[in-house]
Amino acid sequence: MKSGILKAAALALLASTSMAGAAELRLSHQWSNQDVRHKVAEIVANEVAAADVDLEIKIFGSKSLFKPREQYKPLSRGQLDMTVLPLSYAGGQQPAYNLTLMPGLVKNHDHAARLSESPFMEALEAKMAEDDVMVLVHGYLAGGFAGKDKCITSPDDVAGLQTRAAGKSFEQMLAGAGASIASMASSEIYNAMQTGVLNAANTSSSSFVSYRIYEQVSCYTPAGDVALWFMYQPLLMNKSTFDGLNEAQQAALLAGAEKAEAFYLEEAKKEDTASTEVFRKAGVEIAEMSTEDFEKWRALAQETSYKAFVDEVPDGQALLDMALSVE
């Protein structure tokens, strides 16, 4: 009888040890499960699951775990394991991050991919490491403008409008053009337009579709041959959490991340065209930003956003020069 009890206890101990070996990581983001950024997270989670390394990634989408702008701090403190996050949301903690949403800095998606592999990104990753954060998947998304009552292509078009801009640098530029600024996450644009709080907004092509902004606007200016709006939105991980995993688990995560990054780049290119079609089908007028419009915006950005960034960030000029040097 005693040996039976001992045997049962040994089996229970073995089972609990085995269960303790299986780790669960929590990944938070603000988007729906149809959004490209959710799919990026899903690829990593599925690849890790398929690798069978006693590691599970549980995804909490649609801002169900943390508010959109409140994910970086818990990530850096180890209270959250992973997040897909517009890095400029954390510009309050690290002002250098505001450079990842700087008007006119990124020319196109391939240029964005080159920025992700450049010394400029290495400098940003060094700042992330100070916060115990690391990048698993690099990714930029392009975006455009939407107007509730009018088309927006040049700086003159936003004067006097209540406008949502993603990130500090765009807010500075739009304020320089005479717009009033309403700060909010992209997930809040729909309600703000519906209730008359907003007249115009800019965000990613993906978010414009994901949040059904086409139901609230009369005109859409998508990213085209020239795109003023590019935003770095990586999949980040708490560095200590990653370091605490075994080699097989780390290898599975990195392999999944590599696959997800390739997918992200290709899908990002498709998002702009796809968003245009969605808005057109919804009966929204499609406007086009000309090269002349783009140059007007960039000239305004140099006087406002670029200047403010260099003035506010101790190593701002060096970082800006590093970004601008990427061809």
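Predicted model, so just to flag it, every value in this text is computed and none were measured.

Caption draft 1: Representation of the sheet that holds strand β2 (residues 55-60) in the model. Taken in spatial order, the five strands make up an open sheet running β2-β1-β3-β11-β4, and their pairing is mixed. If you trace the sheet from one side to the other, it starts and ends with β2 and β4 (133-137), each paired once. The sheet shows a mean angle of 25 degrees between the axes of neighbouring strands, direction not considered. Bridge count between strand β1 (residues 23-28) and strand β3 (residues 82-84): two bridges; the pairing is parallel. Each bridged residue has a counterpart across the sheet, and for Leu27 the counterpart in β3 is Met82.

Caption draft 2: Main features of the pairing of strand β10 (residues 229-232). Residues Trp229 and Met231 of β10 are buried on one face, and the alternating residues Phe230 and Tyr232, pointing to the opposite face, are buried as well. Relative to β10, strand β5 (residues 140-147) is paired through four bridges, and the arrangement is antiparallel. Paired with Leu141 across the two strands is Met231, which belongs to β10.

Caption draft 3: Molecular detail of the nonpolar core. Of all hydrophobic cores here, the largest spans 58 residues; its most connected members are Tyr72, Leu99, Met128, Tyr140, Leu228, Leu236 and Trp297. In terms of residues, this core owes the most to one element, helix α11 (residues 291-312), which gives six residues. In terms of nonpolar packing, the next biggest core, distinct from the first, is built from 45 residues, Ala45, Leu136, Tyr220 and Phe242 among them.

Caption draft 4: Looking closely at unusual backbone geometry. Backbone geometry places Asp54, a non-glycine residue, at a positive phi of 60 degrees. Considering the arrangement of structural elements, one finds Asp54 in the loop between α2 (36-51) and β2. The partly exposed category is assigned to Asp54, whose relative accessible area is 45%. Non-glycine residue Ser62 carries a positive phi angle of around 50 degrees. Tracing the chain through its elements places Ser62 in the loop between β2 and α3 (72-76).

Basis of the calculations
Residues numbered from 1 in each chain as written. Predicted model: local features only at pLDDT ≥ 70, side-chain atom pairs only at ≥ 80, totals over all residues. Heavy atoms only, no water. Pairing = 2+ DSSP bridges. Helix = DSSP H or I, 4+ residues; strand = E, 2+ residues; numbered from the N terminus. Axes fitted to C-alpha atoms, helices over the stretch in contact; angles between N-to-C directions. Buried < 20%, exposed > 50% of the residue type's maximum accessible area, 1.4 Å probe, protein only. Core = buried A, V, L, I, M, F, W, Y, C linked by side-chain atoms within 4.5 Å.

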